[in-house]
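Analysis of the macromolecular model
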Amino acid sequence: MRIKVFVRPRQEILDPQGRAVEAALANLGFAGVSDVHLGRYIVLALDAPSKAAAEESVRKMCEQLLANPTIEDYCFEVEQG
């Protein structure tokens, strides 16, 4: 199965990288951009017996390594095939 994991800072957490990108976009003339948050996009292949088993495994991966649940939110997609 192919897994896509999206990790980003929680909305209420200060994101210095996001603010830097927001300022840079404004300096380049892109008006109206606000509330920029940068995150990570992780793609992996996982051998699992079922979609439910894959989801459980990926959730554990996110909580233990791929995301910091204290300051980051995550979501993921499981594609069979």
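Attention in this report is confined to the structure presented alongside it. (Residues numbered from 1 in each chain as written. Predicted model: local features only at pLDDT ≥ 70, side-chain atom pairs only at ≥ 80, totals over all residues. Heavy atoms only, no water.)

**Focus on helix 1 (residues 16-27)**
An α-helix turns once every 3.6 residues. As a result, residues three or four positions apart point the same way. Cut-off, in case you're wondering: Numbering of helices and strands runs from the N terminus; a helix is a DSSP stretch of H or I covering at least four residues, while a strand is a stretch of E covering at least two. Here a helix's expected span is defined as the number of its residues, less one, multiplied by 1.5 Å.
For helix 1, with twelve residues, the first-to-last C-alpha span of 16 Å sits near the 16 Å given by 1.5 Å per residue. One or two steps after helix 1, the chain reaches Gly-29, where phi turns positive at roughly 95°.

**So, the environment of Lys-51**
Counted only if it meets this: Only protein chains enter the calculation, and the probe is 1.4 Å; a residue is then buried if its accessible area is under 20% of its type maximum, exposed if over 50%, and partly exposed in between. The contact rule is simple, with two residues in contact once any of their heavy atoms fall within 4.5 Å.
By the element assignment, Lys-51 lies in helix 2 (residues 51-66). Of the residues examined, Lys-51 reaches a relative accessible area of 38% and is grouped as partly exposed. Along the primary structure Lys-51 and Phe-76 are separated by 25 residues, whereas in three dimensions their C-alpha atoms are 12 Å apart. When neighbours within four sequence positions are excluded, Lys-51 is seen to be in contact with Met-1, Val-78 and Gln-80.

**Considerations on the pairing of strand 1 (residues 2-9)**
Regular strands have side chains that alternate between both faces of the sheet. Going by this rule: Here, a strand pair is defined by DSSP locating no fewer than two bridges between the strands.
Bridge count for strand 1 against strand 2 (residues 40-45) is six bridges, and the pairing is antiparallel. Each residue of the ladder has a partner; that of Ile-3, found in strand 2, is Leu-44. Relative to strand 3 (residues 72-79), strand 1 is paired through eight bridges, and the arrangement is antiparallel. Counterpart to Lys-4 in the pairing with strand 3 is Glu-77.

**Overview of the sheet that holds strand 3**
Put simply, the test is: With axes taken as lines fitted to C-alpha atoms, and helix axes fitted only over the stretch in contact, angles between N-to-C directions fall between 0 and 180 degrees.
As summarised here, the arrangement of the three strands in space is 2-1-3, forming an open sheet in which the pairing is antiparallel. Both outer strands of the open sheet, strand 2 and strand 3, are each paired with one neighbouring strand and no more. Strand-to-strand twist across the sheet, computed as the mean angle between neighbouring axes with direction ignored, equals 15°. Along the sheet face, helix 2 touches strand 1, strand 2 and strand 3 and points at about 155° away from the line of strand 3.

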